[in-house]
Amino acid sequence: MANQSSPSSSIYCASFNQDNSGFAISSRDSFKIFDSTTGRLCYERAAGAFVIVEMLYSSDLLALVGAGEQASLSPRRLCLFNTTKGAPLKELNFLTSILAVRMNKKRLVVVLVEKTFVYDLNTLVMLDTIDTAPNPKGLCAFSPSLEGCFLAVPASTTKGAVLVYNVMDLQSHSEIDAHRSPLAAIALSSNGMYIATASEQGTLIRVHLVSDSTKSYSFRRGTYPSTIYSLSFGPSTQLPDILIATSSSGSVHAFSLMLAINQRSKRSTSFLGSVLPDSVSDALDPAHHHVLQNAVSSGIRSYAVVRKVDKLEGTSSPSQFTSIRATVSVITYSGYFQEYTLSINNKNESLWTLEREFNLYPVISS
């Protein structure tokens, strides 16, 4: 791991697009768009500090929210920006600071501290306003699939409850009691079928089936509390193979979700979502927890996604894999991009390999 302690250039925000093919970062005076596969700098604009730079796949549309360090970049103003024209398309103003923005090809979601607004992306007509529990961190998860397009936000400030809202049908879908402590991280699978949660304790990661809103299975991240910075499912049309988490300990955690649940289902006729909410036997085998220690300096915020999963299937059953190879990309808020290959063989032995790493500081204006 390279030295990641330089304080001279900080990242204000970092985000991957909906299919993880690109990512955006913002610094004190500019924002930049990169290709995740090649690391190529695709677009840059020196226009001040932004706390939100949200991409719409690899299109020329960006959603921008300023950091408030300049009068023209208010944190209460959302700018829809066209990178081809290099000009704003539309601006939306709000009464309080914008804490998160999410998009797919039909919807635009804007999260404030106690309200969330849903817009038609093409017409910018407001479709719904959702009153939410106070959410000062703008915690949310969004599944971009049009067939399973859900938004998840905290439903309580005192416990780890999640409100799941159907963004296409414009109605509340369910509320999930996930943890005893308030939430620290939420993730939805890209197909909208599964949701992962972590509380402020950070010791357990829970995975739920969205369709019936029951607590499903748990992974133990560790014994001691740690702040979970990010959660991300691997790409899949059904149950994702891998779930990734980053934490304040500096480790990257990978959970073999598919393999663990297949192993559990061999011992039981139940499947994901069939365990009763008050069951104490939902913890999955810790052998399916694969940790990369010291990937990031302790306390440095990081954001990881699973960009790709390749697997070799066994001959006797499609659920028996010979091996899994996952491509994991990590952005650190100290200004580094890392790409790892995680290999898991049929004995559940894992190997993390750093494929490339580059410093984002040379392309961040000082």
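Residues numbered from 1 in each chain as written. Predicted model: local features only at pLDDT ≥ 70, side-chain atom pairs only at ≥ 80, totals over all residues. Heavy atoms only, no water.

1. A word on the pattern of salt bridges
Okay, step 1: This model, assessed by the stated rule, comprises nine salt bridges.
Okay, step 2: Glutamate 44 serves as the salt-bridge partner of lysine 32, at 2.9 Å between the closest nitrogen and oxygen. With lysine 32 in strand β3 (residues 31-35) and glutamate 44 in strand β4 (residues 41-45), this pair connects stretches of sequence that are 12 residues apart.
Okay, step 3: When its relative accessible area of 4% is taken as the criterion, lysine 32 is described as buried.
Okay, step 4: Each member of the salt-bridge network shares a partner with another, and the members are Arg307, Glu339 and Arg356. (Salt bridge = Lys/Arg side-chain N within 4 Å of Asp/Glu carboxyl O. Helix = DSSP H or I, 4+ residues; strand = E, 2+ residues; numbered from the N terminus. Buried < 20%, exposed > 50% of the residue type's maximum accessible area, 1.4 Å probe, protein only.)

2. Topic: the environment of arginine 206
Okay, step 1: Note on placement: arginine 206 falls in strand β19 (residues 204-209).
Okay, step 2: Residue classification places arginine 206 among the buried residues on the basis of a relative accessible area of 15%.
Okay, step 3: With 27 residues separating them in the primary sequence, arginine 206 and histidine 179 have C-alpha atoms 8.4 Å apart.
Okay, step 4: Polar side-chain contacts of arginine 206 include one of 2.9 Å to the backbone oxygen of alanine 178. (Polar contact = N/O pair within 3.5 Å; in protein donor to acceptor, adjacent residues only side chain to side chain.)

3. Considering the confidence of the model for the protein
Okay, step 1: Mean pLDDT over the protein: 88, with 87% of residues reaching 70 or higher.
Okay, step 2: Low pLDDT (under 50) marks residues 1-9, which in the prediction has 21 contacts with non-local residues, meaning those over four places away or in another chain.
Okay, step 3: Note that pLDDT drops below 50 for residues 270-281; the model gives that stretch 23 contacts with residues more than four away or on any other chain. (pLDDT = per-residue confidence, 0-100. Contact = heavy atoms within 4.5 Å.)

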